[in-house]
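# A look at the structure
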Amino acid sequence: MARFRWVRGFAAAGFVTAGLVAPGAADADVVPVPTLTGPLPVSEASHPFGAARYQLVPEDLAAAGYVEEEYLVSGTANVYDWPAAGPAVVRTAGAPYTTRILVRRPANPANSSGSAVVEMFNPSNLMDLNIGWSLMREHLMRTGDTWVGITIRPNAVDALKRFDPVRYGPVSFANPLPASQRPCTVTGVEADQERGLAWDMNSQVGAWLKSSVSSNPLRGVIDKVYGFGYSQTGGYLNTYANAIHKRASLASGAPVYDGYFIAVGGGGFVGLVPINACTTTPPVGDPRHVTGNLGVPIIRAMSLSDFVSGIASRRPDSDTAEDPYRHYEIAGMGHASPFELYYSARPADMVKAGRVPPPVGCNEGPRSRFPTNVSFDAILQNLDRWVRTGIAPPRAALIQRVNNATVLDEHGNVVGGVRSPYVDVPTSTWFGSATGPSFCSIAGYERPFSAEKLATLYPSRADYVAKVAANVQSLVAQRFITEADGRFIVQEARYACVLGPANDPFQPRCWDDTDGSVGGTVPATLSITLGAPATFGAFTPGVAREYTAATTAMVTSTAGDATLTVADLGATAPGHLINGAFSLPQPLQGLGVLKTYAGPVSNDQATITFKQAIGANDALRTGSYSKTLTFTLSTTNP
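These numbers were taken from a predicted model, which means no experiment stands behind them. (Residues numbered from 1 in each chain as written. Predicted model: local features only at pLDDT ≥ 70, side-chain atom pairs only at ≥ 80, totals over all residues. Heavy atoms only, no water.)

All right, on to the overall build of the protein chain then. In terms of helices and strands, the protein chain carries 11 helices and 27 strands. A compact globule built from 638 residues should have a C-alpha radius of gyration of about 26 Å, whereas the protein chain, at 32 Å, is more than 25% larger. Principal axes of the C-alpha set define a box for the protein chain whose edges measure 110 × 65 × 55 Å. Among the 638 residues that make up the protein chain, the fraction classed as buried is 52%. Of the contacts made within the protein chain by residues no fewer than 6 positions apart, 76% connect residues no fewer than 24 positions apart. About 26,400 Å² of surface is accessible on the protein chain, with carbon and sulfur atoms providing 55% of the total. Looking at charge distribution, the protein chain has the averaged site of its 49 positive side-chain charges lying 5 Å from that of its 51 negative ones. (Helix = DSSP H or I, 4+ residues; strand = E, 2+ residues; numbered from the N terminus. Rg over C-alpha atoms; globule rule 2.2 N^0.38 Å. Buried < 20%, exposed > 50% of the residue type's maximum accessible area, 1.4 Å probe, protein only. Contact = heavy atoms within 4.5 Å. Areas by Shrake-Rupley, 256 points an atom, 1.4 Å probe, with all protein chains shown as cover. Lys, Arg positive; Asp, Glu negative; His and termini not counted. Charge placed at Lys NZ, Arg CZ, Asp CG, Glu CD.)

See the structure below:
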């Protein structure tokens, strides 16, 4: 009688992930790491302009496990000319500069995501505004991202020096050319200053974040750096991407910036900015406006306030390795939001800096409180995923235009664009333009629906919640909303004092919650339990016949994939049953791969069948033929 002796075991293998790889530019400049001074001390008498504790709405970063640090950054920068599409050319080399950066990061570097967002502070109000932070701050802190703001324009330097002459005394954007050699004369607060130093400042701060120098508190932690710019600094970032990106690399040949999020700047709406103090902005239609083909992902997002004037920035989306690109237009979003004022320097500090605090209201009412963060959080998350894994973000329809007019739905909201529950399950009509002082023309406003209309649309609170929850589920699945924001929106629908956004820090929310967790762990498991040994029974000499034997294997695997195999690893007559010194002439059939699994499995019973052919002329020795076989459950994705 033929029998088997069973041996159980498994083998596991490692795995490798791959993402987008940007081609190195052989002619790029290796970006030097600048010199940093700081962190600068903070006291009641001297604090950073725009510091979290001194915003219009103060923030306790420590409660979120974050720390804020301010540094002075010094180095030398080139001043560039940009006469044609392609990389800029050096006009004046090696101009000394000093700027300042504000860093908000996990207090414990071990809690860092490894990603940093570098934002060129918006200087449109003649001072630094923390617009990217104001819109994405909760997402940044949830995910462990580092945020860095850079002062990049001389008019904002003037405000810093007025605010604290001692703290910001060393900050300098001095024009490196003698007055007699300058091709133009600049007057006002930017006289004798060179705005064109900003480009190398931006490169060098990015290089510092990825460096191992002792001044970097996250050395060895940050491996991805993303550029962010909003409105005017969206134009700055677009200019940087088109003119400087291919010039700037690390010593390894990798780019300094791994991706770009260009917000509300494009086409005729601050699509580009002058490359230096004595040049003008390239006109719309100039090839220098065309963004892409950088080998790193670029996402541009326009708002309801600016997509028409910036419509020339529309271009096809692309998933190629050379030109990863997305263009979004966010339905309902106003450009100049109140949040950029709530989470930037407090009004008293703006006045101390010699600036007039911008109004939070317009003739039609308060600036639009449309929750821009919902789309921006998802864009940033998708950008990071695109860079790290190569998984492209979703594509979105553009806001519809017919005969040069924007198409509106029955509620007065736009059709098309990046959607959210605030336009799909609306409680208001959202406008992109208002009237009044400052930036009201691009602030937008909200017209809430009447109580009668709300009652018609949503007969009960439960009906409203169900419609919001269904919309959230769809948009989270499409990756237009993050899971965290989706949970908040559903809670908002259930508990907010009134239907609609509950994001005004000066109004009650009618609920509070915090995320907790419950769960357990699953140990890595690969297990085989074999059934009774397979037996062919008695072989009959002199009779040609194929014999069959079967057994079972109970398989449990927690791996991402698994393969069950059986092999004869013996040195004597491999693949043949043996009886002492004798072996069967015909090989044992059924060795090799028995079953594969595409995911985890518990107590899966696999039937294993062996076959043994006996020929009429095969010589058979009295006794038992058998072989020890090795059953293996292995994985490439533990």
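Looking at the element boundaries, Tyr-54 is found in the loop between strand 3 (35-37) and strand 4 (66-81). Each C-alpha atom, one on Tyr-54 and one on Ser-344, is 8.2 Å from the other, the two residues being 290 residues apart in sequence. The residues touching Tyr-54, leaving out its near neighbours within four places in the chain, are Ser-43, Glu-44, His-47, Ser-344, Ala-345, Arg-346 and Asp-349. At 3.2 Å, the side chain of Tyr-54 and the side chain of Glu-44 are in polar contact. (Polar contact = N/O pair within 3.5 Å; in protein donor to acceptor, adjacent residues only side chain to side chain.)

Moving on to helix 2 (residues 154-163). Counting buried positions over the 10 residues of helix 2 gives 8, a clear majority of the element. For helix 2, the complete set of buried residues consists of Pro-154, Asn-155, Ala-156, Val-157, Asp-158, Ala-159, Leu-160 and Phe-163.

This next bit is on the state of the cysteines. Counted by the stated rule, this structure contains 3 disulfides. One disulfide in the model links Cys-362 with Cys-440; its S-S distance is 2.1 Å. Looking down the S-S bond of the Cys-362 and Cys-440 bridge, the torsion is -95°, so its handedness is left-handed. Of this pair, Cys-362 sits in strand 13 (residues 361-362) while Cys-440 is found in the loop between strand 17 (428-431) and strand 18 (445-448), placing the two residues 78 residues apart along the sequence. Judged by its relative accessible area of 11%, Cys-362 is buried. Disulfide partner of Cys-497: Cys-510, at an S-S distance of 1.8 Å. (Disulfide = S-S within 2.5 Å.)

All chains considered together, the criterion is met by 23 aromatic pairs. Above the ring of Phe-163, the side-chain terminus of Lys-352 is found at 5.1 Å from the ring centroid. A cation over an aromatic ring shows up here: Arg-509 above the ring of Trp-511, its NZ or CZ 4.2 Å from the ring centre. (Phe/Tyr/Trp six-rings, centres within 6.5 Å; stacked < 30°, edge-to-face > 60°. Lys NZ or Arg CZ within 6 Å of the ring centre and 35° of its normal.)

Attention now goes to helix 1 (residues 131-143). Count 3.6 residues to each turn of an α-helix, and residues three or four apart come out pointing the same way. Its 13 residues place the ends of helix 1 19 Å apart at the C-alpha level, agreeing with the 18 Å of an ideal helix rising 1.5 Å per residue. When the local axis directions of helix 1 are compared, the greatest deviation, roughly 70°, occurs at Arg-137. Across the 13 residues that make up helix 1, a large majority, 10, are buried. Among all positions in helix 1, only Ile-131, Gly-132, Trp-133, Ser-134, Leu-135, Met-136, Arg-137, His-139, Leu-140 and Met-141 are buried. At the exit of helix 1 stands Gly-144, carrying a positive phi of roughly 80°. (Expected span 1.5 Å × (residues − 1). Bend = angle between axes of the 7 residues up to and from the residue.)

Between helix 10 (residues 461-478) and helix 11 (residues 483-495), whose axes approach to 9 Å, the crossing angle comes to 170°. Viewed along their axes, helix 10 and helix 11 adopt a mutual orientation that is roughly antiparallel. Listed contacts from helix 11 to Arg-461, Tyr-464, Val-465, Val-468, Ala-469, Val-472 and Val-476 of helix 10 are Glu-483, Gly-486, Ile-489, Val-490, Glu-492, Ala-493, Arg-494 and Tyr-495. Of the residues that constitute the contact of helix 10 with helix 11, the class distribution is 10 nonpolar, 1 polar and 4 charged. (Axes fitted to C-alpha atoms, helices over the stretch in contact; angles between N-to-C directions. Parallel < 35°, antiparallel > 145°, perpendicular 65-115°, else oblique. Nonpolar A, V, L, I, M, F, W, Y, C, P; charged D, E, K, R; others polar.)

With that settled, consider the side chain of Ser-203. Along the polypeptide, Ser-203 turns up in helix 3 (residues 198-210). Reaching out from Ser-203, the side chain makes a polar contact with the side chain of Tyr-240 at a distance of 2.6 Å. Once residues lying within four places of it in the same chain are set aside, the contact partners of Ser-203 are Val-31, Tyr-240, Ile-244, Ala-248, Val-256 and Tyr-257.

As summarised here, the arrangement of the 4 strands in space is 19-20-26-24, forming an open sheet in which the pairing is antiparallel. What marks the edges here is a single partner per strand, and that holds for strand 19 (526-530) and strand 24 (588-589). Bridge analysis of strand 19 against strand 20 (residues 545-557) gives 5 bridges, and the strand direction is antiparallel. Following the sheet pairing, Leu-526 is matched in strand 20 by Ser-557. (Pairing = 2+ DSSP bridges.)

This paragraph deals with the confidence of the model for the protein chain. Taken residue by residue, the protein chain gives an average pLDDT of 94. The fraction at 70 or more is 96%. In the predicted structure, residues 1-26 sits below a pLDDT of 50 and forms 83 contacts with residues beyond four places in sequence or in another chain. (pLDDT = per-residue confidence, 0-100.)

On to the environment of Leu-564. Checked against the element boundaries, Leu-564 lands in strand 21 (residues 562-567). What makes Leu-564 buried here is its relative accessible area of 0%. Note: C-alpha distance between Leu-564 and Lys-595 (31 residues apart in sequence) is 5.2 Å. For Leu-564, the contacting residues outside a window of four places in its chain are Ile-528, Ala-553, Val-555, Gly-592, Val-593, Leu-594, Lys-595, Ala-606, Thr-632 and Leu-633.

All right, on to the sheet that holds strand 11 (residues 298-302) then. Strands in a sheet are paired, the pairing made by backbone hydrogen bonds, and the direction either parallel or antiparallel. Here 9 strands make up an open sheet; going across it, the order is 3-4-5-7-6-8-10-11-12 and the pairing mixed. Strands with a single pairing partner mark the edges of an open sheet, and in this sheet they are strand 3 and strand 12 (325-329). Strand-to-strand twist across the sheet, computed as the mean angle between neighbouring axes with direction ignored, equals 20°. Summarising the sheet, strand 3 and strand 4 pair through 3 bridges and their orientation is antiparallel. Among the inter-strand pairings, Thr-37 is bridged to a residue of strand 4, identified as Leu-72. Its contacts with the sheet place helix 3 against strand 3, strand 4, strand 5 (89-106), strand 6 (115-120), strand 7 (146-150) and strand 8 (224-230), and it is angled at close to 135° to strand 4.

Phe-49, Ile-101, Tyr-230, Tyr-260, Phe-261 and Phe-376 are the most contacted members of the largest nonpolar core, which totals 125 residues. If we ignore the near neighbours within four places in the chain, the residues touching Phe-376 are Leu-135, Met-136, Phe-228, Tyr-230, Phe-261, Ala-263, Ala-301, Ile-330 and Met-333. Core analysis: the second largest hydrophobic core is formed by 27 residues, Val-555, Ala-562, Val-566 and Ala-606 among them. (Core = buried A, V, L, I, M, F, W, Y, C linked by side-chain atoms within 4.5 Å.)

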